[in-house]
Amino acid sequence: MTAAMLRPPSLDALLASPLMQGLASEHGRTAVLSTARQTLDLWRAQATASAEPAAFDVDHFEQHCQQTLQQQAAPALRAVFNLTGTVLHTNLGRAVMAPQAMAAVLAVMRGAANLEYDLAKGARGDRDDHIDGLLKELTGAEAATAVNNNAAAVLLVLAALAERKEVPVSRGELVEIGGAFRIPDIMRRAGAKLVEVGTTNRTHLRDFEEAMGPRTGLVMKVHASNYAIQGFTASVPIAELAALCKAHGVPFVEDLGSGTLVDLRRWGLPAEPTPAMSIAAGANVVTFSGDKLLGGPQAGLLVGDKALIQKIKRHPLKRALRLDKMSIAALEATLKLYRDPDRLTEHLPALRLLTRGEAEIQALAQRLAPAVAQALGARARVQVLPCRSQIGSGSLPVDLLPSACIAIGAAADAKRAGRLPERLAEAFRALPTPVVGRIEDGQLRLDLRCLDGADAEAAFVAQLPLLQQARF
Ligand SMILES: *Cc1c(COP(=O)(O)O)cnc(C)c1O
């Protein structure tokens, strides 16, 4: 083959083809030009490295450009099927929004909104006005505000109320929440001085009494979200801590973590403390997340005494940590659902998923298993098994919800069966709407608790045939 035959056409000639012109009108000239250049460079590098370079193939070139441009156009952040069995999965975006919350977000995204504008007065307003009434009503607190997440709420409360002051915390509560959120680090960053009180398993009121002094800024209690200390344990009831703080004239602050607004025992779920309970017991400020059990958008909510919330709102960090209009819209709509607790499991997806019955999930698994088996063919063995889902996001770590999964393992005679679960998991993740399961006991397990509704079910089934081409 002569050098001339090997050489590709000019860039201009390549870009003039109908397919490349089509790509330019879809993705823009700039993107197509840079992709074409990169694809040519790739071909040249391969041709140089090879002893017997193949002739330039225009079809290959065009296909490569098309694939690259399509990949670049696909969103990086996208919807997935969460079949991990963890309902509030932090890595998968925690709570699924209620339709009411989605509609509220869309309405304020399209154009201007009265985010910080008082329509009655025609003057500047406060962005907290849209949610603080609801938060007061639902928690019994005097005042409320909100920031970007609960970690931010804890940082802000410490910075606003305990800068250069001491903060006694029980040694049993010096926790790491995950993702490098550690109570001692947050204290330091907020400029507060941590005073460790008691021991890991037992802390008494007298330990706190001894720690109180003129430099005490506040006393903090951190809810044991993601772990449980069992055996010979003791902690101080919040009413006693609150009374001690009151006697010393310092605020009692509780970081509740998940902070559901209703008593979950009503639906047979494990007990989890509510902000209302803490406020009733005398807590002066309570912080909690918007996207854990509450089932709303990412947010950190602060409720408590009026004077303290005002001080928190005036701190410069509040400005840096504030919520945007979309989060406020979603939060307001979510909080409104709590006004009708009787229909909460119907309206709030997080709660609906958590209270979904085993029999319903089991029936769904039985219904879908044949389609999964058919798509995977003879190498895989597909079963329906009972399993346990988790609430997630550090809530209620020891309690598991009975559920059902589609369990996929290697058929008895499959070759390279050992790595099959990992390869299957990869194939499911590569689907247009990625399916994320978990690997357990040498099987890929798809817990169907979070596959919710006829549309989701149909979308899940519709993409299964693509697995026939997958290599696993
Ligand atoms: C989850 C949690 C946090 C952090 O909340 P984010 O909303 O994730 O920032 C802080 N404290 C406790 C006790 C938690 O459970």
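The model shown is predicted, which means the values in this text are computed figures rather than measured ones. (Residues numbered from 1 in each chain as written. Predicted model: local features only at pLDDT ≥ 70, side-chain atom pairs only at ≥ 80, totals over all residues. Heavy atoms only, no water.)

> In this structure, what is going on with the domain arrangement of the chain? I would like to understand it.
Quite often, the size of an interface is put as the accessible area lost when its parts meet. Per the domain assignment, the segments making up the chain are domain 1 (9–73), domain 2 (81–90 + 352–469) and domain 3 (99–347). For domain 2 versus domain 3, the separation of C-alpha centres amounts to 35 Å. (Domains from an automatic or database assignment.)

> Whenever I open this one, helix α8 (residues 150–162) confuses me. Can you help?
Along an α-helix, residues three or four positions apart point the same way, because every turn accommodates 3.6 residues. Its 13 residues give α8 an end-to-end C-alpha distance of 17 Å, which sits within 8% of 18 Å, the value for a rise of 1.5 Å per residue. Summarising burial for α8: twelve of the 13 residues are buried, a large majority. Listed in full, the buried residues belonging to α8 are N150, A152, A153, V154, L155, L156, V157, L158, A159, A160, L161 and A162. One side-chain oxygen at the N-terminal end of α8 lies 3.3 Å from the backbone nitrogen of A151; it belongs to N149. Just downstream of α8 lies R164, where phi reads positive at about 60°. (Helix = DSSP H or I, 4+ residues; strand = E, 2+ residues; numbered from the N terminus. Expected span 1.5 Å × (residues − 1). Buried < 20%, exposed > 50% of the residue type's maximum accessible area, 1.4 Å probe, protein only. Polar contact = N/O pair within 3.5 Å; in protein donor to acceptor, adjacent residues only side chain to side chain.)

> Would you take a moment to explain a positive patch on the surface for this structure?
Together, K165, K193, R215, K311 and R314 make up a region of like positive charge exposed at the surface. The topology assignment puts K193 in strand β6 (residues 193–197). (Patch = residues over 30% accessible without salt bridge, like charges linked within 9 Å, V, L, I, M, F, W, Y side chains within 5 Å. Areas by Shrake-Rupley, 256 points an atom, 1.4 Å probe, with all protein chains shown as cover. Salt bridge = Lys/Arg side-chain N within 4 Å of Asp/Glu carboxyl O. Lys, Arg positive; Asp, Glu negative; His and termini not counted. Charge placed at Lys NZ, Arg CZ, Asp CG, Glu CD.)

> Is there a simple way to explain the sheet that holds strand β7 (residues 219–222) in this structure?
Within a sheet, neighbouring strands are paired by backbone hydrogen bonds and run either parallel or antiparallel to one another. Spatial strand order, β4-β10-β9-β8-β7: five strands in an open sheet with mixed pairing. The outermost strands of the open sheet, each flanked by one partner alone, are β4 (143–147) and β7. Strand after strand, the sheet turns through a mean of 15° between neighbouring axes, direction not considered. Its contacts with the sheet put helix α7 (residues 129–139) on β4, β9 (285–289) and β10 (300–304), and the angle it makes with β4 is roughly 120°. Packed on one face of the sheet, α8 meets β4, β7, β8 (252–257), β9 and β10 and runs near 155° to β9. (Pairing = 2+ DSSP bridges. Axes fitted to C-alpha atoms, helices over the stretch in contact; angles between N-to-C directions. Contact = heavy atoms within 4.5 Å.)

> It is not clear to me how the side chain of T260 should be interpreted in this structure. Could you clarify?
Tracing the backbone through its elements, the reader meets T260 in the loop between β8 and α12 (275–280). Polar contacts involving the side chain of T260 include one to the main-chain carbonyl oxygen of V262, which spans 3.1 Å. In this view, T260 contacts E272, P273, T274, P275 and L293; residues no more than four positions away in its chain are not counted.

> Is there a simple way to explain the layout of surface pockets in this structure?
Unoccupied space between atoms shows up once a probe the size of one water molecule is rolled over them. There is about 1400 Å³ of room inside the largest pocket. Taken together, 50 residues line the largest pocket, and the ones lying closest to its centre are H89, L92, G93, R94 and A95. Contributing elements (two or more residues each) for the lining of the largest pocket: β1 (81–82), α8, β8 and α17 (349–354). The class makeup of the residues in the lining of the largest pocket is 24 nonpolar, 19 polar and seven charged. Taken domain by domain, the makeup of the lining of the largest pocket includes at least three residues from each of domain 2 (81–90 + 352–469) and domain 3 (99–347). (1 Å grid on protein atoms, 1.4 Å probe; cavity = no way out; pocket = protein on both sides within 12 Å on 5 of 7 lines; lining within 4 Å. Points joined across faces, edges and corners; volume = space filled by probe spheres on them. Nonpolar A, V, L, I, M, F, W, Y, C, P; charged D, E, K, R; others polar.)

> Just to check I follow, could you spell out the packing of helix α3 (residues 18–27) against helix α5 (residues 58–73) for this structure?
The relative placement of two packed helices comes down to the angle between their axes together with the axis-to-axis distance. Contact geometry of α3 with α5 gives a least axis separation of 10 Å together with a crossing angle of 10°. Taken together, the axes of α3 and α5 are roughly parallel relative to one another. Across from L19, M20, L23 and H27 in α3, the residues of α5 making contact are F61, E62, C65, Q66, L69, Q70 and A73. For the contact of α3 with α5, a count of residues per class yields seven nonpolar, three polar and one charged. (Parallel < 35°, antiparallel > 145°, perpendicular 65-115°, else oblique.)

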